[in-house]
Amino acid sequence: MTTYDEMLGFDYTDEGAWKEFVTSEILPLYIAAVKITKFSQYLKGKLESSFTDAFLENKGIQKMLLGGVTPDGEYAENSLAKFYKERIGVYIDPHLWVSLCKEPDTEALQHIEVHLSQPLISHRLNDVLGFSGNILRSAGHDLPEIDEDVLNGFIQDPESIIDEFETIYSQLIKISATYNYHTFFAMSTRLTPKFFLFEAYPRLKIHFDAVTALLGLVVTEIPGVNKTAYQGDMVLIGHTPEGFADSLYKLNQIAWYSLSSFALFDGQVPPLRDEFIENIQMSNTGLKPLSEAFEVTKYYLTDNGLNVLGYTGNSRNFYRACEMSLQHFLRIAAPYLFMGLMILEIERGPRTQYEEKMVGLRPALYVRSTYHG
């Protein structure tokens, strides 16, 4: 088979190459995420302690709450106030504000309440911050601190926070496995048989311990399997939770499945995952569709752990479909796992009472496609 040693364009066994990637691609992502997070906390604290004073003393805060509000109390296209409501979680009722401003002898500010919320994007933002921080720590980076001058700068220039969201958006695209071989390497080691990794990455066999230590690779347990069948190069290599490779893989998942969360003003979001799948299928024409490669999607280990029994069906139709050795199963699954076309889920037993009745308390391997088609 064609190896990936030269195709990657970087030396995956070189610690310096990984650190350079972290500095150039992950560090800007972390800095943008921490700036937004800290600023959101800072702004909400300022508004919560004294909304009226903060509003009167800062034209920037006035723009955050009223920028792009029409005379009818609606949000105009690309409204800054709408952006702060949806992305930062601070807003006032624009209709009430406009209405009060039209009332004679009425001080509108005295009757307005500021609303503070946790927008949906904050959860994704926390994920980006956490995963990128894990990678920085794994690479020996100190986590940057954001001082109050930077936070005040966003209040003086409220549009500038948009640049930080743009940075996150663009960096997620750049580090996605669609375009970045560092991330592809992390994805290809997510849960792939060791023998296949050595075939795809010949240098890895010599430097396996060093790469394992750097990226946080680990042998994945299959509960109940006979150790004579699951040993040596016939094991699954996975990721240590919250380690370098695990966190990079999860950042890629955000880029593939949640990039639209960071898109600005309903911009066109590139279909990163679909592009990746299309490229993989074009360059690997020998791979069958999963439905042809795997007769069923649920496989149960036999009592001695040497064989994998395949079953398919539901509560009305459940039958034995196939039988093969664990080694044979892993050889079929290896290229799909390596390419990110398939996810293998390992369970200690069946997921339903009916399945348990049919197969007993056997460890189970579930084959799941990462795409449709």
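This text follows the structure it describes.
Here the structure is a predicted model, which means the values were calculated and not measured.

> It is not clear to me how the packing of helix α1 (residues 15-49) against helix α9 (residues 181-188) should be interpreted in this structure. Could you clarify?
In helix packing, the relevant descriptors are the interaxial angle and the interaxial distance, both defined with respect to the helix axes. The N-to-C vectors of α1 and α9 enclose an angle of 115 degrees; their axes lie 11 Å apart at closest approach. Here α1 is positioned roughly perpendicular relative to α9, judged by the angle of their axes. Residues Ala 17, Trp 18 and Phe 21 of α1 lie in contact with α9, whose contacting residues are His 182, Thr 183 and Phe 185. Its residues assigned to classes, the contact of α1 with α9 comprises 4 nonpolar, 2 polar and no charged.

> Is there a simple way to think about the pattern of salt bridges in this case?
Charged atoms that come close allow side chains of opposite charge to pair. A full pass over the atoms with the stated rule returns 17 salt bridges. Between Glu 355 and Lys 298 there is a salt bridge, with its nearest N and O atoms 3.1 Å apart. Taken together, the residues Glu 355 in helix α16 (residues 353-359) and Lys 298 in strand β6 (residues 298-301) connect sequence positions 57 residues apart. Accessibility expressed as a relative area gives 5% for Glu 355, which makes it buried. With a closest N to O distance of 3.3 Å, Arg 351 and Glu 347 form a salt bridge. Taking relative accessible area as the criterion, Glu 347 reaches 28% and is therefore assigned partly exposed. Through salt bridges with shared partners, one network takes in Asp 5, Glu 6, Asp 11 and Arg 203.

> Any chance you could explain unusual backbone geometry here in plain terms?
Most peptide bonds are trans, and most residues other than glycine sit at a negative phi. The backbone of Asn 78 shows a phi angle near 60 degrees, a positive value even though the residue is not glycine. With respect to the element layout, Asn 78 can be found in the loop between α3 (59-66) and α4 (80-88). The class of Asn 78 is partly exposed, set by a relative accessible area of 47%. For Glu 242, which is not glycine, the phi dihedral falls at a positive 70 degrees. With respect to the element layout, Glu 242 can be found in the loop between β5 (236-239) and α12 (244-257). Accessibility expressed as a relative area gives 57% for Glu 242, which makes it exposed.

How each quantity is defined
- Residues numbered from 1 in each chain as written.
- Predicted model: local features only at pLDDT ≥ 70, side-chain atom pairs only at ≥ 80, totals over all residues.
- Heavy atoms only, no water.
- Axes fitted to C-alpha atoms, helices over the stretch in contact; angles between N-to-C directions.
- Helix = DSSP H or I, 4+ residues; strand = E, 2+ residues; numbered from the N terminus.
- Parallel < 35°, antiparallel > 145°, perpendicular 65-115°, else oblique.
- Contact = heavy atoms within 4.5 Å.
- Nonpolar A, V, L, I, M, F, W, Y, C, P; charged D, E, K, R; others polar.
- Salt bridge = Lys/Arg side-chain N within 4 Å of Asp/Glu carboxyl O.
- Buried < 20%, exposed > 50% of the residue type's maximum accessible area, 1.4 Å probe, protein only.

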